[in-house]
Amino acid sequence: MHDKLVFEVTVEIDSTQVSQLKGPAGEVLMLPFGGTVEGEIFNGRILPGGVDTQTVDQNGVRHMSARYMLEGVDKNGEQCKIYVDNNGWFSGEMVMPFKTIPTFFTDSKALATYLHSNKFRTEGHPRQGGVTIKVFEIRNAS
């Protein structure tokens with residue numbers, strides 16, 4: 001059984017607002033972004049304030065943490081918001097697409113039980129000016 005694509009987030013990085021720090025303990029890169037989301041359960045946009053924070057420690061381990069709020073319409077046509085906290089850890093060369101694990105919070109009555117189940121994974125597909133994040137429901141093989 002294959003994992004099910006739930007929605008796609010098209011991320012547009014605001015390259016004029018990127019912050020970077022390099023020091024003896026490692027590096028930090030903060031990438032502000034906006035964008036849109038489309039899928040069978042939700043359609044909308046990324047609200048201002050989305051940021052992908054990437055740290056690389058002294059051992060070369062990269063931690064990516066993207067946090068952002070979506071605003072739009074759920075599968076029942078109701079206005080709602082979804083908060084996304086998406087994390088991944090990588091050592092060595094990053095393989096594309098990169099894979100991360102998201103956590104969701106929502107005020108949608110139609111999506112709350114489903115999104116709060118913590119059974120999702122994402123794939124990040126780099127593209128010009130940003131990345132496409134594909135959110136999948138993990139389905140166990142039976």
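Residues numbered from 1 in each chain as written. Predicted model: local features only at pLDDT ≥ 70, side-chain atom pairs only at ≥ 80, totals over all residues. Heavy atoms only, no water.

Caption draft 1: Local environment of the pairing of strand β2 (residues 19-23). Summarising the sheet, β2 and strand β3 (residues 26-39) pair through five bridges and their orientation is antiparallel. In the sheet register, G23 faces β3, and the bridge partner there is G26. Where β2 folds back onto β3 in an antiparallel hairpin, the turn is made up of two residues. (Pairing = 2+ DSSP bridges. Helix = DSSP H or I, 4+ residues; strand = E, 2+ residues; numbered from the N terminus.)

Caption draft 2: Seen up close, the nonpolar core. Counting residues in hydrophobic clusters, the biggest one holds 25 residues, and the most contacted among them are F7, V9, F42, Y68, L70, I82 and F104. Among all residues touching I82, those that are not within four sequence positions of it are F42, Y68, M69, L70, F104, F105, T106, L111 and L115. (Core = buried A, V, L, I, M, F, W, Y, C linked by side-chain atoms within 4.5 Å. Buried < 20%, exposed > 50% of the residue type's maximum accessible area, 1.4 Å probe, protein only. Contact = heavy atoms within 4.5 Å.)

Caption draft 3: How the structure looks around the side chain of N87. Positionally, N87 belongs in strand β7 (residues 79-91). Given a relative accessible area of 14%, N87 falls into the buried group. Here the side chain of N87 touches H63 through a polar contact of 3.0 Å, side chain to side chain. A distance of 2.9 Å separates a polar atom in the side chain of N87 from a polar atom in the side chain of D85. (Polar contact = N/O pair within 3.5 Å; in protein donor to acceptor, adjacent residues only side chain to side chain.)

Caption draft 4: The pairing of β3, seen in detail. Relative to β3, strand β1 (residues 4-13) runs antiparallel, the two sharing seven bridges. Across the sheet, E8 pairs through a bridge with E38, a residue of β3. Here β3 pairs with strand β5 (residues 50-57) via eight bridges, running antiparallel. Within the sheet, the bridge partner assigned to M30 lies in β5 and is T53. As consecutive antiparallel partners, β3 and strand β4 (residues 42-46) are separated by two residues.

Caption draft 5: Here's a closer look at the side chain of T100. As for its placement among the helices and strands, T100 is situated in strand β8 (residues 98-106). By relative accessible area, which is 5% here, T100 ends up buried. At a separation of 2.9 Å, a polar atom in the side chain of T100 contacts the side chain of N86. With residues up to four places along the chain from it excluded, the contact list for T100 reads N86, N87, G88, F90, R121 and T122.

Caption draft 6: Representation of the packing of aromatic side chains within the structure. Counted by the stated rule, this structure contains six aromatic pairs. Where Y83 meets F105, the ring centres are 6.0 Å apart and the plane angle is 40°; that geometry is what we call tilted. Of this pair, Y83 sits in strand β7 while F105 sits in strand β8, placing them 22 residues apart in sequence. With centroids separated by 5.2 Å and ring planes inclined at 90°, the aromatic side chains of Y114 and F120 adopt a geometry described as edge-to-face. Using a relative accessible area of 22% as the deciding quantity, one classes Y114 as partly exposed. The class for F120 is buried, based on a relative accessible area of 2%. (Phe/Tyr/Trp six-rings, centres within 6.5 Å; stacked < 30°, edge-to-face > 60°.)

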